[in-house]
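Survey of secondary and tertiary structure
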Amino acid sequence: MTEALAAYREAVAGAVLTRRIGRVRELGGLSVQVEHLDATVGEICTIWPRKAPGLAAGMVAPVLAEVVGVRAGHLALMPYGSVQGLAAGCEVVAQGQQPQIAVSDELLGRVIDGFGLPLDGRPAPMAGALRPLRAAPINPMERPRISRVLETGVRAIDSLLTLGQGQRVGIFAGSGVGKSTLLGMVARHVKADVDVIALIGERGREVKEFIDKQLGEQGLQRCVVVVSASDQPALARLRAAYAALAIAEHFRDQGKQVLLTMDSITRFAMARREVGLAAGEPPTARGYTPSVFAELPQLCERCGTSPSGGSITALMTVLVEGDDMNEPVSDNMRAILDGHIVLSRQLAHAGQYPAIDVLQSASRVMPDITSPTHRELAVETVKQIAMLERNRQLVDIGAYERGSNAQLDFALAHQPRLLEWLRQREGGVAMAQGLGALAEIFRGPVEAPRPKVRKA
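Below you will find a few notes about this structure. (Residues numbered from 1 in each chain as written. Predicted model: local features only at pLDDT ≥ 70, side-chain atom pairs only at ≥ 80, totals over all residues. Heavy atoms only, no water.)

**Considerations on the packing of aromatic side chains**
Here a ring pair, both rings aromatic, is described through the centre-centre distance and the interplanar angle of the planes. Threshold: Ring geometry is summarised as follows: Phe, Tyr and Trp rings, the Trp one being its six-membered ring, pair when their centres sit within 6.5 Å, and such pairs are stacked at plane angles under 30 degrees, edge-to-face over 60 and tilted between the two. To qualify as a helix, a DSSP run of H or I must reach at least 4 residues; to qualify as a strand, a run of E must reach at least 2; elements of each kind are numbered from the N terminus. For each residue, the accessible area found with a 1.4 Å probe, counting protein chains only, is set against the maximum for its type, and the residue is called buried under 20%, exposed over 50%, and partly exposed in between. Any Lys NZ or Arg CZ found within 6 Å of a ring centre and within 35 degrees of that ring's normal is scored as a charge over the ring.
Counting across every chain of the model gives 4 aromatic pairs. Their ring planes at 70 degrees and their centres at 5.8 Å tell us that Tyr 242 and Phe 268 sit as a pair that is edge-to-face. One end of the pair, Tyr 242, is in helix 5 (residues 234–252); the other, Phe 268, is in helix 6 (residues 265–278), with 26 residues separating them in the sequence. For the pair shown, Tyr 242 and Phe 268 are each scored as buried. Taking the centre distance of 6.1 Å and the plane angle of 65 degrees together, the rings of Tyr 288 and Phe 293 count as edge-to-face. A cation over an aromatic ring shows up here: Arg 134 above the ring of Tyr 242, its NZ or CZ 4.5 Å from the ring centre. Across the ring face of Tyr 288, the terminal group of Arg 273 is positioned such that the distance to the ring centre comes to 4.3 Å.

Right under this line is the structure:
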């Protein structure tokens, strides 16, 4: 009898006895203005559209929305889906929960959306524990220092811009310079336990192409791909980014080394700008609202090392508008991240893929995780590349006479093999192998050509 009463008490305690209801007052652009609703910012609500004539009552599906702003006398909501069928007077019900997602190991090898629903045509993954999308970052004093190298399989990155497990790195490039190709190369060959890939605001065509061509069936097995296409509302794109981060935290807490790849953080910022403008924020630099520059570091700080022994290494692409490296998002991200890899359109046009501009790129943790021999070799290589770049115009126009500068002669003598080393069609090159090939280029003395003697 006692057990039966306990079950009844539990059912009564969990029952919803009251509902907080409001009404749609106004629909304007991307936001829905709701009056008489008691809800908090970030709370999930359902908006019930009007029933179309001839449609059964059970066929009307509610629209999920999130509270994004509080104004005098009403709330500003943004929907996760289409607003077709909504009108003034529609009922709005507060759900009493903040955004969450179910996480489990069943997500490996799956392609899902920001709600955890499958996009790959397979049954829904088995539900697991619920994690909040906006969790608090780890205490900075509890984070172990980055001490282990993360091998990506890309020679130029592993040798000259070495990354560590738990580092946050940005890939900065304009459109069409090879960001997605480089990400796919890294995703297939990186030495990590789990790879969580967030495709934010991607073209629908490129999603399938990226999974089939860049990842492949073998690469997908250890990946979780979270997709929000470009035609989805801004709030859905934001949710996909936070869902990918929550999934990465799930595997990190198990002590696993996780690579979080986000393409792109710029589209995340654009989506946040849309939400901020709809909530009534004032636009600042290039129309970006203040919340954009407050939310970017919050997103990045949730990555890194963890007391559990696991880590989240973040690899985020930054779409540089008009190839302007000083535009607001790029400038802000360089200050937040632990390193940046710049892809050059000029190098891409010259046929160098991946088009990594070593002179403009940097890894801030490389000195702490590499050996002295490795660092000396990297410094020598960068020195030679800088020498070639500094005198490129002089050499191209034929104004330089060999023998005038011994250091430049040395760099020119090694240039063909060095450029061939920087080019890489496929990933998967071990770090030791890449360093050995680089050392072989500079091994042994190179006899510089004798200066030409002009006849009198």
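**Overview of the sheet that holds strand 5 (residues 74–79)**
Put simply, the rule reads: Strand pairing is defined by DSSP finding a minimum of two bridges between the two strands. The axes used here are C-alpha line fits, helices contributing only the stretch in contact, and every angle between their N-to-C directions lies in the interval 0 to 180 degrees.
Spatially, 6 strands are ordered 1-2-5-4-3-6 in a closed barrel, and the strand pairing comes out antiparallel. Geometrically, the sheet is characterised by an average inter-axis angle of 45 degrees between neighbouring strands, direction not taken into account. Relative to strand 2 (residues 31–35), strand 1 (residues 21–28) is paired through 5 bridges, and the arrangement is antiparallel. Its bridge partner being in strand 2, Arg 23 is matched across the sheet by Glu 35.

**So, the packing of helix 5 against helix 6**
Note the threshold: Angles are sorted into four bins: roughly parallel if under 35 degrees, roughly antiparallel if over 145, roughly perpendicular if 65 to 115, and oblique for all others. A clockwise turn of the near helix away from the far one marks a right-handed crossing, whereas an anticlockwise turn of less than a right angle marks a left-handed crossing. Contacts are assigned to residue pairs with any non-hydrogen atoms lying within 4.5 Å of each other. Under the scheme applied, nonpolar residues are Ala, Val, Leu, Ile, Met, Phe, Trp, Tyr, Cys and Pro; charged residues are Asp, Glu, Lys and Arg; polar residues are all the others, including Gly.
Across the interface, helix 5 lies against helix 6 with an axial gap of 8 Å and an inter-helix angle of 135 degrees. Put simply, helix 5 runs oblique to helix 6. Here helix 5 runs over helix 6; the crossing is left-handed. Contacts from Ala 234, Leu 235, Arg 237, Leu 238, Ala 241 and Tyr 242 of helix 5 reach helix 6 at Phe 268, Ala 271, Arg 272, Glu 274 and Val 275. Its residues assigned to classes, the contact of helix 5 with helix 6 comprises 8 nonpolar, no polar and 3 charged.

**Digging into empty space enclosed by the protein**
Spelled out, the test is: Within this scheme a cavity is a closed region of a 1 Å grid, computed over the protein atoms alone, that accommodates a 1.4 Å probe without allowing it to escape, whereas a pocket is open but has protein on both sides within 12 Å along at least five of seven lines; lining residues each have an atom within 4 Å of a point. Grid points are joined across faces, edges and corners, and a volume is the space filled by probe spheres set on the points.
Evaluation of the coordinates by the stated rule reveals 1 cavity of 30 Å³ or more. In this structure, the largest cavity occupies an estimated 50 Å³ of space. Looking at the largest cavity, the residues that line it are Glu 66, Tyr 80, Pro 99, Leu 133, Arg 134, Leu 235, Leu 238, Arg 239 and Tyr 242. Sorting elements by how many residues they give to the lining of the largest cavity places helix 5 first, with 4 residues. Across the lining of the largest cavity, the residue classes break down as 6 nonpolar, no polar and 3 charged.

**A short note on the pairing of strand 1**
Judged from the 3 bridges that link them, strand 1 and strand 6 (residues 91–94) form a sheet pairing that is antiparallel. In the sheet register, Gly 22 faces strand 6, and the bridge partner there is Val 92. Hairpin connection between strand 1 and strand 2: a loop of 2 residues separates the two successive antiparallel strands, and Gly 29 in this loop has a positive phi of roughly 65 degrees.

**Brief notes about a nonpolar patch on the surface**
For clarity, the cut-off: Each patch is built from salt-bridge-free residues with over 30% relative accessible area, joining like charges within 9 Å and nonpolar side chains (Val, Leu, Ile, Met, Phe, Trp, Tyr) within 5 Å. All accessible-area figures derive from a Shrake-Rupley calculation using a 1.4 Å probe, and residue coverage is judged against the displayed protein chains alone. One speaks of a salt bridge when a side-chain nitrogen belonging to Lys or Arg is within 4 Å of a carboxyl oxygen belonging to Asp or Glu.
On the surface, a cluster of nonpolar side chains totalling about 240 Å² of accessible area is made up of Leu 64, Phe 115 and Leu 117. Here Leu 64 lies in strand 4 (residues 63–71). On the accessibility criterion, Leu 64 (33% relative accessible area) is partly exposed.

**Looking at the pattern of salt bridges**
Using the criterion set out here, one finds 26 salt bridges in the structure. Among the ionic pairs, Arg 205 bridges to Glu 209, the shortest N-O distance being 2.7 Å. Highlighted residues: Arg 205 and Glu 209, both in helix 4 (residues 204–220), separated by 4 residues, approximately one helical turn. Judged by relative accessible area, Arg 205 falls into the exposed class, the value being 54%. In this structure, Glu 389 engages Arg 392 in a salt bridge whose closest nitrogen and oxygen atoms are separated by 3.2 Å. The exposure class of Glu 389 is partly exposed, given its relative accessible area of 39%.

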